Every structure is written in C-alpha cells, then in structure tokens.
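Residue-level structural notes
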Amino acid sequence: RMAIEGATDALRVMAAGQWPELLSQEMSTDLGSVVVHSVADLDLALSEQLRLLKSEGVLSPLRSSLTDLDQSVRNTRLALFSATDESGKMVIPGDWKPPGWEALRSLSLGRFACLGAVAVLSSAVSPMGDSEDEAPPAT
C-alpha cells in the first residue's frame, strides 16, 4: 500500500507540473526544486530495501526496515504537498486532482490487493520442507 500511495502521489505531482493553467512557469520551477530536495531520503531508504531484497531474496520484517521506508514516503509527501512559493501560496493546491485520479488510484489499490491475496494463498499452499531436493506435491 505504501508503494501505491507514493507512486500515485508522484503521478499527481508530475501531472501538476505539466497541467495547463494550473501552475505558472515559476511555480512549476518551484515544484521541481521541492521535488529534487525532498526525494533524496526516499531514494536512500528505497535503495536500502532493494539492496536487502537483492542480497537475501526476500524482505523479512526482522531484517528490513519498512518502517523507515514508510516514514521516508510520508516525509516526502508532506514536503511535496505542503510546499509554498515566495508569497506563501501552496504550489500544488490541496484539493487539485487530475481527471480520473480516483479511478486510477482505486484500480491500482485493487490490482495490488489481488496480487497480495495470490501471494498469501501461494505461500500457504507451498510446502516448506527441510530438503530442497524434494519435489513439491502435485496440486
């Protein structure tokens, strides 16, 4: 869910930066500056999770720090959506959403919820034997 929320917010920021008549060129530049400065911590946290996934093959709750990644996502979202210009006006209006925004968000959440359910079912069905040489039982 954390990845979906972060990704949909990133799409919202990209759309806001390119949407005609929403942002002036100066405000779009301000938005770009905020994005560049706020994404560094998120990039570091995400890189650490990907490094763990590559080295261990799985994200274990005991070894991975998904809490740190979640906090980085929250901090980045806060920085992006509370950014103001020189006059104190919010760069991205709080109530602005591109057309079709809620549909895209709902479809993404549904898709990943289905993938999560399939992963849970497959892990419950897959036997965890001591020997890797044994063939899995027929289903």
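Whatever comes next refers back to the structure up there.
Residues numbered from 1 in each chain as written. Predicted model: local features only at pLDDT ≥ 70, side-chain atom pairs only at ≥ 80, totals over all residues. Heavy atoms only, no water.

Details of the overall build of the chain
This is how the line gets drawn: Helix numbers and strand numbers start at the N terminus; a helix is a DSSP run of H or I with at least 4 residues, a strand a run of E with at least 2. Burial classes: relative accessible area under 20% of the type maximum marks a residue as buried, over 50% as exposed, and values in between as partly exposed (1.4 Å probe, protein chains only). Here, two residues are considered to be in contact whenever any of their heavy atoms come within 4.5 Å of each other. Note on areas: Shrake-Rupley, 1.4 Å probe, and residue coverage restricted to the protein chains presented here.
Helix and strand counts for the chain come out as 4 helices and 0 strands. Walking the chain from its N terminus toward its C terminus, one meets helices and strands in the order α-α-α-α. The burial tally for the chain puts 24% of its 139 residues in the buried class. For the chain, the proportion of contacts with a sequence separation of at least 24, taken over those separated by at least 6, is 65%. About 10,100 Å² of surface is accessible on the chain, with carbon and sulfur atoms providing 60% of the total.

Observations concerning the packing of helix α2 (residues 25-56) against helix α3 (residues 66-81)
The criterion, for reference: For helices, the axis comes from a line fit to the C-alpha atoms of the stretch in contact; other axes are also lines fit to C-alpha atoms, and the angle between any two N-to-C directions lies between 0 and 180 degrees. The cut-offs work like this: below 35 degrees is roughly parallel, past 145 is roughly antiparallel, 65 to 115 is roughly perpendicular, and the gaps in between are oblique.
Close contact between α2 and α3 brings their axes to 9 Å; oriented N to C, the two are set at 170°. The angle between α2 and α3 falls in the class roughly antiparallel. Contacts between α2 and α3 involve V34, V35, S38, V39, D41, L42, A45, L46 and Q49 on the former and, on the latter, L66, D68, L69, S72, V73, T76, A79 and L80.

Focus on the nonpolar core
Our working rule: For our purposes a nonpolar core is just a set of buried Ala, Val, Leu, Ile, Met, Phe, Trp, Tyr and Cys residues, chained together by side-chain atoms within 4.5 Å.
Formed by V13, A15, A16, L23, M27, L31, L80, F81, A83, V91, I92 and W96, the largest nonpolar core amounts to 12 residues. Counting residues per element, this core draws most heavily on helix α1 (residues 2-18), which supplies 3 residues. Every residue in contact with L31, bar those within four places of it in the chain, is listed here: V13, G17, L23, V91 and I92.

Side note on a nonpolar patch on the surface
Which entries qualify depends on this criterion: Any residue with relative accessible area above 30% and no salt bridge may belong to a patch, with like charges joined within 9 Å and the nonpolar Val, Leu, Ile, Met, Phe, Trp and Tyr side chains within 5 Å. Salt-bridge detection follows one rule: a side-chain nitrogen of Lys or Arg within 4 Å of a carboxyl oxygen of Asp or Glu.
On the surface, L11, M14 and L104 cluster together into a nonpolar patch covering about 280 Å² of accessible area. Positionally, L11 belongs in helix α1. Its relative accessible area of 40% is what places L11 among the partly exposed residues.

Overview of α2
Spelled out, the test is: For a helix, the expected span equals 1.5 Å multiplied by the number of residues minus one. The angle between axes fitted to the seven-residue stretch ending at a residue and the seven-residue stretch beginning at it gives the bend at that residue.
The end-to-end C-alpha separation of α2 is 45 Å, in line with the 46 Å expected for 32 residues at 1.5 Å each. The axis of α2 is deflected most strongly, by about 40°, at V39. Listed as buried for α2 are M27, D30, L31, S38, A45, Q49 and L52. G57 sits one or two positions beyond α2 and adopts a positive phi of about 85°.

Side note on the side chain of S72
Tracing the backbone shows S72 in helix α3. With residues near it in sequence (within four places) discarded, S72 still touches D41, L42 and A45.

Observations regarding the pattern of salt bridges
Tallied over the full model, the rule gives 2 salt bridges. Put simply, R51 and E48 hold a salt bridge, and the shortest N to O gap is 2.6 Å. With R51 and E48 both in helix α2 and 3 residues apart, this pair spans about one turn of that helix. By relative accessible area, which is 32% here, E48 ends up partly exposed. Residue D70 pairs with R74 through a salt bridge whose shortest N-O separation is 3.0 Å. Taken together, the residues span about one helical turn, with D70 and R74 both in helix α3 at a distance of 4 residues.

Honestly, that's just the spatial picture; any functional story needs more than this.
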